[in-house]
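Take a look at the letters that make up each chain.
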Amino acid sequence: MAQKGVQLDQETFSCSICLDLLKDPVTTPCGHSYCKNCIKDHWDTEDEKRIHTCPECRRCFTPRPELLKNTMLAALVEQLKKTGLQAAPADHCYAGPEDMACDVCTGRKLRAAKSCLVCLISYCEKHLQPHYESAPLKKHKLVEPSEKLQENICSRHDEVMKMFCRTDQQCICYLCSVEEHKGHDTVSAAAERTERQRELEGSRHNIQQRIQDRERELEESRHNIQQRIQDREEDVKLLQQEVEAINGSADKAVEHSEKIFTQLIRLMEERRSDVKQQVRSQQETEVSRVKELQEKLEQEITELKRKDAELKKLSHTEDHNQFLHNYPSLSALTESTHSSSIKIRPLKYFEDVTAAVSELRDTLQDVLRQKQTNVSLTETEVDVSLPQPEPKTRADFLRYSCEITLDPNTAHPWLLLSEGNRKATRVSRPQSYSSHPDRFTCWPQVLSPESLTGRCYWEVKRRRESGGGGGGGGGRVSVAVTYENISRAGKSQECAFGQNDKSWMLYCSTSRCNFNHNKVQTLVSGPLSSRVGVYLDHSAGILSFYSVTDTMTLLHRVQTTFTQPLYAGLQVYDGASAEIC
């Protein structure tokens, strides 16, 4: 009875929030007492509602009440601590809302310490003592407190399920094994647990092994990634150095070219001034000569008019003696200016000067065109291959479309250029092209004046213009790319597209398609259309030819290394034409 009294005293002086002895007890206006920190924390959570309640009687307070220390309770609690009640045994720990409660305790239940799989009951430390002291109870299986003990009871026979049916894969009781599961493969639950435990250990071992393997692979991947990061950082440094070198070289080239062009412009200005001065000097000399001759002629005309008047007057005189006396002096004429001394220069004298200046202009343009500074860098000391996805649809290809024309200075005489130098047609009589060192003299070929670097795409539409070449749809046409230094004159294979290491060519007719490079011919299979698409990624060394219809069909793809800028080329056979779209 004394123990119950002590428990009653402890419950009396316990906080209803933390369920322990009061610490710094304070009292609310409704008379209930709590630990100062417990009621403070409780009301802190209610500050947003602006209404504060008592946890026991639920009385509301507005505004938040001021908490005052309960000195009497504080003194009593201190006295209880001195009597040793604070060090209460573990079985005096009461079950909270989230704890498993002892199934034996009456009234306020204590926390359960263990659950018995045989008794199917949860016990606090106090009521668990018989399981530690009684020999029969010592054999019971004790586990951590569990709320699922009733799941171990057979719902049909109200017996503990200590058997396992492997046939139906479920736990059963002994009666089930002789009734519903009779004849099934049944074992004890413990034996099945041992078997499953062994399988579980094997699975855990496999999982751990796989985890180790994955960790090792992950470590290797991280090592590879870190190595690649270091490599890329080095590449970035090299590229930065390359950028600085390019900028420095470009600045020097611009500065040097500016000086040269300035000198050239000054020279042209001086030459222009000389020509102007010579023309003006010649003009002044000729005008002075003509004016001097003009004055002589005008004086001679005046003298002749005077003599003519005197002769006229003499012819009308009636005095024969006077007529005969004056006639000899009047009839004698001064020496006339001979017409041979009047030299009329041809009007085209100064036109010859204009023609000479025009010829000088044309010559200079040709020189500048032939010696045009090529700012495309054909070699780099740093080669970092960053993969670029190739286009898939025609819309993707058209993003890289470039403006390409045909250079009349390279066209074979049997090729007629039209449509703004975009179309080449094979004709039956030679065109009156001027002589030019860039012109193809034997093979019916023509090149673009534009160099191709980076990523480019263009399309060539081939057509049969008349009889004599290749059948119904597109005519016989070769679409090519080549370096600028391909040979031009003569019948040598060094001049023909696809027959040397400087050019790549796709030959198309109505019946077949071939790819040619360096005298090697490759038969190309695929649907032929009148429109051929050409895709070039110069830095990646990719050259692809496509048959263009509603879709893009790859005909042939080249992977190589281009060492110079490329130029688009066409080779057109009898009765056909090719137009760059």
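In case you missed it, the structure is sitting above this.
If you're wondering where the values come from, they're calculated on a predicted model, not measured in any experiment. (Residues numbered from 1 in each chain as written. Predicted model: local features only at pLDDT ≥ 70, side-chain atom pairs only at ≥ 80, totals over all residues. Heavy atoms only, no water.)

**Student:** An account of the overall build of the protein chain is needed here, citing residue identities and associated values.
**Tutor:** The helix and strand tally for the protein chain stands at 10 helices and 24 strands. Taken over 581 residues, the protein chain has a buried fraction of 29%. Residue pairs at least 24 apart in sequence account for 54% of intrachain contacts in the protein chain once pairs closer than 6 positions are excluded. (Helix = DSSP H or I, 4+ residues; strand = E, 2+ residues; numbered from the N terminus. Buried < 20%, exposed > 50% of the residue type's maximum accessible area, 1.4 Å probe, protein only. Contact = heavy atoms within 4.5 Å.)

**Student:** Residues and numbers for the side chain of Ser115, please.
**Tutor:** Looking at the element boundaries, Ser115 is found in strand β6 (residues 114–116). With relative accessibility at 0%, the residue Ser115 sits in the buried group. A polar side-chain atom of Ser115 sits 2.7 Å from a polar atom in the side chain of Ser122. Among residues more than four places away in sequence, those in contact with Ser115 are Ile121, Ser122, Lys141, Leu142, Val143, Glu144, Pro145, Ser146 and Leu149. (Polar contact = N/O pair within 3.5 Å; in protein donor to acceptor, adjacent residues only side chain to side chain.)

**Student:** Run through the nonpolar core, naming residues and quoting values.
**Tutor:** Soluble, globular proteins show a tendency: their nonpolar side chains are buried together. In terms of nonpolar packing, the biggest core is built from 36 residues, with Val446, Trp458, Val479, Trp504, Leu506, Leu543 and Leu570 touching the most fellow members. Among all residues touching Trp504, those that are not within four sequence positions of it are Val479, Ala480, Val481, Tyr483, Phe515, Asn516, His517, Leu543, Val558, Phe562 and Leu566. Phe13, Leu21, Cys38 and Phe61 belong to the second-largest nonpolar core, a separate cluster that totals 15 residues. (Core = buried A, V, L, I, M, F, W, Y, C linked by side-chain atoms within 4.5 Å.)

**Student:** Now, about the pattern of salt bridges: what can you tell me, with residues and values included?
**Tutor:** Taken as a whole, this structure holds 24 salt bridges when the rule is applied. A salt bridge links Arg232 to Asp235, with the shortest nitrogen-to-oxygen separation between them at 3.2 Å. Placement of the pair is Arg232 and Asp235 together in helix α7 (residues 189–315), with a separation of three residues, close to one helical turn. Residue class for Arg232 comes out partly exposed when judged on its relative accessible area of 34%. Here Glu303 ties to Arg306 by a salt bridge, and the two come within 2.3 Å at their closest N and O atoms. Of this pair, Glu303 and Arg306 both sit in helix α7, three residues apart, which is roughly one turn of that helix. For Glu303, a relative accessible area of 27% corresponds to the partly exposed category. The partly exposed category is assigned to Arg306, whose relative accessible area is 38%. When salt bridges with common partners are traced through the structure, they connect Lys40, Asp44 and Arg64 into a single cluster. (Salt bridge = Lys/Arg side-chain N within 4 Å of Asp/Glu carboxyl O.)

**Student:** Got a sec to walk through the sheet that holds strand β2 (residues 33–35)? Specific residues and values, please.
**Tutor:** Spatially, the three strands line up as an open sheet ordered β2-β1-β5, and their pairing is antiparallel. Two strands close off the open sheet at either side, each with one partner strand: β2 and β5 (68–69). Relative to β5, strand β1 (residues 25–27) runs antiparallel, the two being bridged by two bridges. The partner of Thr27 across the bridge, within β5, is Leu68. In this fold helix α2 (residues 36–44) packs onto β1 and β2, with an angle of close to 90 degrees to the strand it touches most, β2. (Pairing = 2+ DSSP bridges. Axes fitted to C-alpha atoms, helices over the stretch in contact; angles between N-to-C directions.)

**Student:** How would you explain the environment of Thr425 if you had to name every residue and give the values?
**Tutor:** Tracing the chain through its elements places Thr425 in strand β13 (residues 423–426). We classify Thr425 as buried; its relative accessible area is 13%. Sequence-distant contacts of Thr425, defined by excluding residues within four places in its chain, comprise Trp414, Leu415, Leu416, Glu465, Ala576 and Ser577.

**Student:** I'd like a rundown of α2, residues and numbers included.
**Tutor:** Within α2, the full set of buried residues consists of Cys38, Ile39 and Trp43. Down the axis of α2, the buried set is contained in an arc of 125 degrees. They therefore lie on one face. For α2, the elements touching its buried residues are β1, β2, β3 (52–53) and β4 (60–61). (Arc of directions from axis to C-beta.)

**Student:** So what about a nonpolar patch on the surface? Which residues, and what values?
**Tutor:** On the surface, Tyr174, Leu175 and Val178 cluster together to form a nonpolar patch covering roughly 280 Å² of accessible area. Looking at the secondary structure, you find Tyr174 in helix α6 (residues 174–178). On the basis of relative accessible area, Tyr174 is assigned to the exposed category, the value being 58%. (Patch = residues over 30% accessible without salt bridge, like charges linked within 9 Å, V, L, I, M, F, W, Y side chains within 5 Å. Areas by Shrake-Rupley, 256 points an atom, 1.4 Å probe, with all protein chains shown as cover.)

**Student:** Residues and numbers for the side chain of Ser503, please.
**Tutor:** Structurally, Ser503 is set in strand β17 (residues 503–508). A distance of 2.9 Å separates the side chain of Ser503 from the side chain of Asn500, its partner in a polar contact. Once residues within four sequence positions are removed from consideration, Ser503 is found in contact with Val481, Thr482, Ile486, Ala496, Phe497, Gly498, Asn516, His517 and Asn518.

**Student:** Got a sec to walk through the sheet that holds strand β21 (residues 542–548)? Specific residues and values, please.
**Tutor:** Think of a sheet as strands paired side by side through backbone hydrogen bonds, with each pair either parallel or antiparallel. Read across the sheet, seven strands follow the order β12-β13-β24-β15-β20-β21-β22 without closing on themselves; strand pairing throughout is antiparallel. Across the chains shown, the open sheet's two edge strands, defined by having one partner strand only, are β12 (415–418) and β22 (552–559). Here the average twist between neighbouring strands, direction ignored, is 20 degrees. Here β21 pairs with β22 via seven bridges, running antiparallel. Counterpart to Leu543 in the pairing with β22 is Val558.

**Student:** Before we move on, can you summarise the pairing of strand β15 (residues 455–464) with the specific residues and values?
**Tutor:** Across seven bridges, the pairing between β15 and strand β20 (residues 531–537) is antiparallel. Paired with Trp458 across the two strands is Val534, which belongs to β20. Bridge count between β15 and strand β24 (residues 576–580): five bridges; the pairing is antiparallel. Bridged to Arg464 within β24 is Ala576.

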